[in-house]
Number of protein chains: 2
Amino acid sequence: MNIPVELAERFDRNELVAAIAQDGTTREVLMLAWMNREALTLTLTTGRATYWSRSRSALWVKGESSGHTQEVKSVLLDCDSDAILLLVDQVGAACHTGDRTCFHSQMMLEIEPN
Amino acid sequence: MNIPVELAERFDRNELVAAIAQDGTTREVLMLAWMNREALTLTLTTGRATYWSRSRSALWVKGESSGHTQEVKSVLLDCDSDAILLLVDQVGAACHTGDRTCFHSQMMLEIEPN
């Protein structure tokens, strides 16, 4: 497993990284979750998106119980090694509410967009 | 400023929320940064993406020095109120490296994608 040094050091300090899942076809942003070293390693070696649940303090293979898995097509690390972008094939809904994406609550801009 | 209760409580506890900037036209994911209440309020009232810099402990109007601003078209909150998705018009490069997106480092999947 070839993890870049800066990211490995982050994991050594027990820091998590944010992981964004984006639909590889529609480019819709589906959800944001968290990864530790083991979650990232499993994601890269199984091709199935795996996160670290902060509320349950446990690894979480996305869709393991719901069937709404994410097959990972591509994994990209950002410039300061604290965020990961997954391009995925989403089976069914990404959100536990049944919505396709977790980002479904529009906030009101108080100016008129250009 | 109409901030949903769960998000307001998060800010009251001095927690930050992750903010993903996505190009509103190409749907490319550009960067991930952080927001506190003031950063979100400024984003919603000025229409210009504003973040909280954790390293500098200061508000950060994206592009204020580089000119690489983000004009915000839409703001979406996720289902558990700890992440925000901004759809933006990105002027120039989002990344300080000069790349269009901060997610430019591909990690190797160790299985063959389906």
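Because the structure is a prediction, the values reported are computed rather than measured.

S.K.: Let's hear about the interface of chain B and chain A: which residues, and what values?
M.R.: Across the contact, 46 residues belong to chain B and 46 residues belong to chain A. Approximately 3900 Å² of surface area, both sides summed, lies buried where chain B meets chain A, with 65% of it carried by carbon and sulfur atoms. Along the contact surface separating chain B from chain A lie 2 salt bridges. A salt bridge links Arg54 of chain A to Asp82 of chain B; the nearest nitrogen and oxygen atoms lie 3.0 Å apart. Run the count over chain B and chain A and you get 14 residue pairs in polar contact (both at pLDDT 80 or more). Going through the elements one at a time, strand E1 (17-23), strand E2 (29-35), helix H2 (37-46), strand E5 (70-78), strand E6 (83-90) and strand E7 (103-107) of chain B are the ones with two or more residues in the side of chain B that touches chain A. Counting residues per element, the side of chain B that touches chain A draws most heavily on E5 of chain B, at 8 residues.

S.K.: Can you lay out helix H2 (residues 37-46) of chain A for me, pointing to particular residues and giving the numbers?
M.R.: Regarding H2 of chain A, the residues found buried are Ala39, Leu40, Thr43 and Leu44 of chain A. One side of H2 of chain A carries all its buried residues, which in axial view fall inside an arc of 125°.

S.K.: Before we move on, could you go through unusual backbone geometry and cite the residues and values that matter?
M.R.: Peptide bonds are trans in most cases, and residues, glycine excluded, mostly fall at negative phi. Unlike most non-glycine residues, Asn14 of chain A shows phi in positive territory, near 60°. Note on Asn14 of chain A: relative accessible area 69%, which makes it exposed. You will see that Arg27 of chain B, though not glycine, has its phi angle at about 70°, which is positive. Positionally, Arg27 of chain B belongs in the loop between E1 and E2. Arg27 of chain B gets classed as partly exposed once you look at its relative accessible area, which sits at 35%.

S.K.: Please provide a residue-by-residue account of the packing of aromatic side chains, values included.
M.R.: Overall, the coordinates contain 3 aromatic pairs over all chains when judged by the stated rule. Summarising the aromatic geometry, the rings of Trp34 of chain A and Trp34 of chain B are spaced 6.1 Å apart at their centres and angled 20° between planes, so their arrangement reads as stacked. Separated into two different chains, Trp34 of chain A in strand E2 (residues 29-35) and Trp34 of chain B in strand E2 make up a pair that spans both. The same class applies to Trp34 of chain A as to Trp34 of chain B, namely buried.

S.K.: Before we move on, could you go through the pattern of salt bridges and cite the residues and values that matter?
M.R.: Residues and elements named next belong to chain A. Applying the stated criterion across every chain, the model contains 16 salt bridges over all chains. Close ionic contact of Arg10 with Glu15 constitutes a salt bridge, the shortest N to O distance being 3.0 Å. Judged by its relative accessible area of 29%, Glu15 falls in the partly exposed class. Within this structure, Arg10, Arg13 and Glu15 form a network of salt bridges that share partners.

S.K.: Can you lay out the confidence of the model for chain A for me, pointing to particular residues and giving the numbers?
M.R.: Do not read the fine detail of predicted coordinates wherever pLDDT is low. Chain-level statistics for chain A give a pLDDT mean of 94 and a share of 96% at 70 or above. This complex was scored by the predictor with a pTM of 0.95 and an ipTM of 0.94.

S.K.: So what about the sheet that holds E7 of chain B? Which residues, and what values?
M.R.: Pairing is mixed across the open sheet formed by 5 strands, whose spatial order is E2(A)-E1(A)-E6(A)-E5(A)-E7(B). Lying at the two open borders of the sheet, with one neighbouring strand each, are E2 of chain A together with E7 of chain B. Strand-to-strand twist across the sheet, computed as the mean angle between neighbouring axes with direction ignored, equals 35°. With respect to the sheet, helix H1 (residues 5-12) of chain A is in contact with strand E1 (17-23), E2 and strand E5 (70-78) of chain A together with E7 of chain B, its orientation differing from that of E1 of chain A by roughly 120°.

S.K.: Tell me about the sheet that holds E1 of chain B, residues and numbers included.
M.R.: The sheet built from 5 strands is open, its strands ordered E7(A)-E5(B)-E6(B)-E1(B)-E2(B) with mixed pairing. For this open sheet the edge positions go to strand E7 (103-107) of chain A together with E2 of chain B, each flanked by a neighbour on one side alone. Each strand axis lies, on average, 35° off the axis of its neighbour in the sheet, ignoring direction. Pairing geometry for E1 of chain B and E2 of chain B, over 6 bridges, is antiparallel. Paired with Val17 of chain B across the two strands is Met35 of chain B, which belongs to E2 of chain B. In the packing of helix H1 (residues 5-12) of chain B onto the sheet, the strands contacted are E7 of chain A together with E1, E2 and E5 of chain B, and the crossing angle to E1 of chain B comes to about 120°.

S.K.: I'd like a rundown of the relation of the copies chain B and chain A, residues and numbers included.
M.R.: For these two chains of identical sequence, chain B goes onto chain A by a turn of 180° and a shift of 0.0 Å along the axis, with RMSD 0.0 Å. The superposition operator between the copies reduces to a two-fold rotation axis. Considering only C-alpha atoms, the residue of chain B closest to the rotation axis is Arg27 of chain B, which sits at 2.9 Å. Same-surface contact between copies: 100% of interface residues of chain B are shared with the interface of chain A.

Reading the values: rules and limits
Sequence order sets the numbering: in each chain, residues are counted from 1 along the sequence as written. In the order they appear in the text, chains get letters beginning with A and ligands get numbers beginning with 1. This being a predicted model, a pLDDT of at least 70 is required before a residue's local features are given, and a value of 80 or more before pairs of side-chain atoms are given or counted; all residues contribute to the totals for chains, interfaces and linings. In computing side-chain values, all of the structure's heavy atoms are included and hydrogens and water are not. Contacts are assigned to residue pairs that have any heavy atoms within 4.5 Å of one another. Here the quantity called buried area is the accessible surface, traced with a 1.4 Å probe, that two parts lose on coming together, added over both. What makes a salt bridge here is a side-chain nitrogen of Lys or Arg within 4 Å of a carboxyl oxygen of Asp or Glu, nothing more. What qualifies as a polar contact is a pair of N or O atoms within 3.5 Å, subject to a donor-acceptor requirement within protein and to the restriction that residues adjacent in sequence count only when both atoms come from side chains. Secondary structure elements are defined from DSSP: runs of H or I of at least 4 residues count as helices, runs of E of at least 2 residues count as strands, and each element is numbered from the N terminus. Partly exposed describes any residue whose relative accessible area lies between the buried limit of under 20% and the exposed limit of over 50%, with all areas from a 1.4 Å probe on protein chains only and scaled to the type maximum. This arc corresponds to the set of directions leading from the helix axis out to the C-beta atoms. For this analysis, a ring pair means two rings from Phe, Tyr or Trp (six-membered ring only for Trp) whose centres lie within 6.5 Å, classed as stacked if their planes differ by under 30 degrees, edge-to-face if by over 60, and tilted for the remaining angles. Confidence of the predictor at the level of single residues is given by pLDDT, which spans 0 to 100. Two strands are said to pair when DSSP picks up at least two bridges between them. To get an axis, a line is fitted to the C-alpha atoms, and for a helix only the part in contact is used. The angle between two axes follows their N-to-C directions and goes from 0 to 180 degrees. To superpose the copies, least squares is applied to the C-alpha atoms of every residue with a pLDDT of at least 70 in both.

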